Structure formats: structure tokens, C-alpha cells
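Below are the chains, spelled out letter by letter.
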Amino acid sequence: MKEIESLKTNIIDNIDSQCKELFQLSHRIHDNPELGFEERKAASWLSEYLQNKGFQIETGIAGLATAFMATYGQGTPKVAVIAEYDALPKLGHACGHNIIATSSVGAGIAAKAAVDAFGGSIIVIGTPAEEIFGGKIDMVKAAVFDDMDIAMMVHPSTVNAATILALALNNLEVEFIGKPAHAAAHPYKGINALEAMILSFNNINSLRQHIKEDSRIHGIITDGGEAPNIIPSHSAGLFIIRSMDNVYLEELKDKVLNCFKGAAAATGATLKYRWEEKMYASMKNNMIMAGLFEKNMKSLGRIMEDLTPSYVIGSTDMGNVSQIVPSIHATVAIAPPNVTVHTSDFSAAAISEAGNKGLADAAKSMAMTIVDILGYPEILENIKKEFHSS
Ligand SMILES: [Zn+2]
Ligand SMILES: [Zn+2]
């Protein structure tokens, strides 16, 4: 359709003309890193910018002070563009969320043209605390995404990809209570809580051979005793259990728990444990949306990874959104492959020229994908069919 092509040209021009402001906003957020649920500056700068471009702003979404929704247009289809803007302790914006935030804001503003042409609405949703608290999990629970038709975001990376493999996860806190005793004089009077913890690791390592390949179990010991001449009466650890399959994760959690229970029985220590209430879900990539996004990224000259993701990137709370709304969590390359996220090199990349280029290309590709979806109602129908059939 000719209209689609001219709208896409219009979008590219719109992002190019906004570039200077978007880069400034991105760098400003980068210069003022704020931890999860404390992103007051970022949330207000982003919503102010959107408000100046004609969006209606609501703040304090889902009871979260730094979550916001910025809406343009009315009615359906409702397109959610997701902005993350939290930083990491000590490392600042080493995950490049300044780019996620500003590319989504830029995309939302450029895609206004698609709403004007075809109807529907664009909602830029500010989702706090991706790194530590999984803010989107709270927002999913509060039904924020329930009436959205699709959702999308782009994370900076070292590769250009329309899809990701992100695992479901649950955190586990474990404690063993033993009994202290002099380690040389009366060791038989003690119950060794540290041995229970070490045994648990060994049990988990025995289990590891027999779990599904895309699963992960990893942990640390946070308390291992007071002194080498005292039988440790207390030990503690933090563990993360992950899998691609949300259902298999439940099965795996039982198996891991048995590793701790077995260690408790063997040593006589008492086990206490607590599963974190919030669980990250795995990413359900909508392949039709991914295909459109890929085509639009290619039109900007980017070379894309295979559409079927082949390696795990970790976990993200966008997984929880993707389980209830057809979604993509794409990536855009802003650094060479030897740079890894959550490092100071990646933080530098997030405000580099390549970072700025990534921001602009991500915004353009998302906005062009919105044009495709709002412009062809049958595409949206197929996106939903795929979502419900997989
Ligand atoms: Zn991160
Ligand atoms: Zn991140």
C-alpha cells in the first residue's frame, strides 16, 4: 500500500527531526542513574517530553510512584510501547535502559501519524525497576496490560535481533539451623548447618545432569558460620531456578527443594525456605510481530540475527507481559560482541554514537512496525491467532 510506505518515510523523518532531543534525554537519564522504584527524575522527564508532544499522562500506575502511562488516540487497537529506565547499583546505566526509554518514547511520538491515519491508540508505558524488583510483574497483576492488543520494546545489545530467549525464574532463600559446639572438643554435640548447605550444592550438582537443557540452577552462600573452631549453627544461601518452560519450572522447583530437604535429613539441621512471591515468566516471542520488526530493521540497513533465538539472555519481566499480550522484546546492537551488558564498557556504549544510532533505529523500526499493524487489520488478527495458538 502506497499510504503505508509514505507513512514510514514520514516516521523516519520524524525520528530524524527529534533525534537531538531524544539523544539529550537519553544522555540526561544516563547521567542521573536511579535504582528501581526510585526513578523519579527519569519518569518525570520522559512523561514531560511525551506531554509536550500531545500525549495524556497518568502517573502512579499500579500504585508504583515511578510508573506512568502516556496515551495518544482513543480506542482500539491499543499498542503498548514499553519504556524501562532503571539503573544498576554502582554501575549506573550499564544495561542501557536510557536507550530503551527514549527509543520507546520516540517510537510512540512518531507513530502518532499511524493513529491519525488508521485510528487506535498508542500507549507508552513506563515500567520501573526491571533490574531488581520486576516492576512489570506488579503491573501485570494490577491488570495494566489487560486491554492492550500488542506490546513491544527494544533493548540495547551487541546484536540486532527481533526475538530473545528469556527464561522463567523463581528466587529461593534458604536457611539451615544447626547446633553450635566446640569443633575439636565436642564435635559430636553439634549439628553442622554449613555441611547441610554444602551437601545441598552437591545434591543440586547431581541433579543437574538430569534436568532440561534450557534450565539453570545457581546460588551463593550468604552465611557459612562464625569461626572455624565453632560448628556452624546457622547457614544461609540465595538461589535462582530458571527454565524456558513455565510449567517445567514448577517441577524443577520441587526437585531442587528435595536437594535441600535431603541435606537437612542427612545432617539433622532444620531447613527453612522461602520462594520469592514474584516469578519472572519466560518470553513468548510473537513471530509475526518479530517478522515485521525484522523487515523494518533490515530496511534501515541492519543485519539481523536468525529469527529463532539460539542462546539465552537471562530473564526479564517483559516475559510476564508477553504471556498475556502478543509481544516482542527485540535487541539493537550498540557495541561490538566482546562487550557484555552490566559492565562499564556497555555503560559507555549506551551514550556513544553507536548508542545514539541504536536508539534512533530502534525507535524507527518500532514505529514502522506499528504502521504495519495498524494499517493492516488482518495482520493484527493473525498476531492474535498466533498468540492464542501457542
Ligand atoms: Zn540488565
Ligand atoms: Zn536490561
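Residues numbered from 1 in each chain as written. Chains lettered and ligands numbered in written order. Predicted model: local features only at pLDDT ≥ 70, side-chain atom pairs only at ≥ 80, totals over all residues. Heavy atoms only, no water.

Colleague: Report on the overall build of the protein chain, specifying residues and quantitative values.
Modeller: When helices and strands are tallied, the protein chain shows 12 helices and 12 strands. Taking 390 residues into account, the globule formula puts the C-alpha radius of gyration at 21 Å, and the protein chain, at 24 Å, falls close to it. Structurally, the protein chain occupies a C-alpha span of about 85 × 45 × 40 Å along its principal axes. In the protein chain, buried positions account for 54% of the 390 residues. Element-wise, carbon and sulfur atoms account for 53% of the exposed surface of the protein chain, whose accessible area totals about 16400 Å². Across the protein chain, 32 positive and 44 negative side-chain charges occur, with their mean positions spaced 2 Å apart. (Helix = DSSP H or I, 4+ residues; strand = E, 2+ residues; numbered from the N terminus. Rg over C-alpha atoms; globule rule 2.2 N^0.38 Å. Buried < 20%, exposed > 50% of the residue type's maximum accessible area, 1.4 Å probe, protein only. Areas by Shrake-Rupley, 256 points an atom, 1.4 Å probe, with all protein chains shown as cover. Lys, Arg positive; Asp, Glu negative; His and termini not counted. Charge placed at Lys NZ, Arg CZ, Asp CG, Glu CD.)

Colleague: Go over the coordination of the zinc ion (ligand 1) with me, naming the residues and quoting the values.
Modeller: Within the protein, Cys95 (SG), Glu131 (OE), Glu131 (OE) and His342 (NE2) serve as the donor atoms for the zinc ion (ligand 1), at 2.0 to 2.7 Å. If you look at the zinc ion (ligand 1), its four donor atoms make angles of 52 to 145° with each other, and the shape they trace is irregular. Separation of the zinc ion (ligand 1) from the zinc ion (ligand 2) amounts to 3.1 Å, with cysteine 95 serving as a shared donor to the pair. Here cysteine 95, found in the loop between strand S3 (78-83) and helix H3 (97-110), pairs with glutamate 131, found in the loop between strand S4 (120-126) and helix H5 (135-141); they are 36 residues apart in sequence, far enough to count as distant. For the residue pair cysteine 95 and glutamate 131, the accessibility class agrees, reading buried in each case. (Donors = N, O, S within 2.8 Å, 3.2 Å for Na, K, Ca; no water. Tetrahedral: all angles 85-135°; square planar, octahedral: opposite > 155°, others 65-115°.)

Colleague: How would you sum up the coordination of the zinc ion (ligand 2)? Please name residues and give values.
Modeller: With distances of 2.1 to 2.3 Å, the protein atoms coordinating the zinc ion (ligand 2) are Cys95 (SG), His97 (NE2) and His155 (NE2). The sequence motif formed by the donor residues of the zinc ion (ligand 2) is C-x1-H-x57-H. You can call cysteine 95 buried: its relative accessible area is 7%. Histidine 97 gets classed as buried once you look at its relative accessible area, which sits at 0%.

Colleague: Explain the layout of surface pockets to me, using residue names and the numbers behind them.
Modeller: Put simply, the largest pocket is a space of about 970 Å³. As for the largest pocket, its lining consists of 41 residues, and the residues nearest its centre are Glu131, Arg242, Gly314, Ser315 and His342. Of all the secondary-structure elements, those providing two or more residues to the lining of the largest pocket are strand S5 (150-157), strand S7 (168-177), strand S8 (216-223), strand S9 (234-243), strand S11 (312-314) and strand S12 (327-333). The residue inventory of the lining of the largest pocket, partitioned by class, reads 19 nonpolar, 14 polar and eight charged. Taken domain by domain, the makeup of the lining of the largest pocket includes at least three residues from each of domain 1 (2-166 + 281-389) and domain 2 (168-275). (1 Å grid on protein atoms, 1.4 Å probe; cavity = no way out; pocket = protein on both sides within 12 Å on 5 of 7 lines; lining within 4 Å. Points joined across faces, edges and corners; volume = space filled by probe spheres on them. Nonpolar A, V, L, I, M, F, W, Y, C, P; charged D, E, K, R; others polar. Domains from an automatic or database assignment.)

Colleague: Lay out the domain arrangement of the protein chain with the relevant residues and their values.
Modeller: As a measure of interface size, the accessible area lost when the parts come together is often cited. Here the protein chain is partitioned into domain 1 (2-166 + 281-389) and domain 2 (168-275). Each of domain 1 and domain 2 has a C-alpha centre, and the two are 39 Å apart. On the domain 2 side, the residues contacting the nine residues of domain 1 number seven residues. Both sides together, the interface formed by domain 1 and domain 2 hides about 580 Å², and carbon and sulfur atoms give 52% of it. Ranking the residues of domain 1 by area buried against domain 2 places Ser282, Val312 and Ser315 at the top, with a combined share of 58%. Taken together, domain 1 and domain 2 are joined by three residue pairs in polar contact (both at pLDDT 80 or more). For the side of domain 1 that touches domain 2, the elements supplying multiple residues, two or more each, are strand S6 (165-166) and S11. (Contact = heavy atoms within 4.5 Å. Buried area = accessible area lost by both parts, 1.4 Å probe. Polar contact = N/O pair within 3.5 Å; in protein donor to acceptor, adjacent residues only side chain to side chain.)

Colleague: Describe in detail the packing of helix H1 (residues 2-31) against H3, supporting the description with residues and values.
Modeller: Helix packing for two helices is described by the angle between their axes and how far apart those axes are. Running from N to C, H1 and H3 point in directions that differ by 150°, and their axes come no closer than 9 Å. On the basis of their axis angle, the class for H1 and H3 is roughly antiparallel. Seen from above, H1 lies across H3 with right-handed handedness. Side by side, H1 and H3 meet where Ile11, Asn14, Ile15, Gln18, Leu22, Leu25, Ser26, Ile29 and His30 of the first sit next to Asn98, Ile99, Ala101, Thr102, Val105, Gly106, Ala107, Ile109 and Ala110 of the second. Looking at the contact of H1 with H3 residue by residue, the class counts come to 11 nonpolar, seven polar and no charged. (Axes fitted to C-alpha atoms, helices over the stretch in contact; angles between N-to-C directions. Parallel < 35°, antiparallel > 145°, perpendicular 65-115°, else oblique. Left-handed = near helix turned anticlockwise from the far one by under 90°.)

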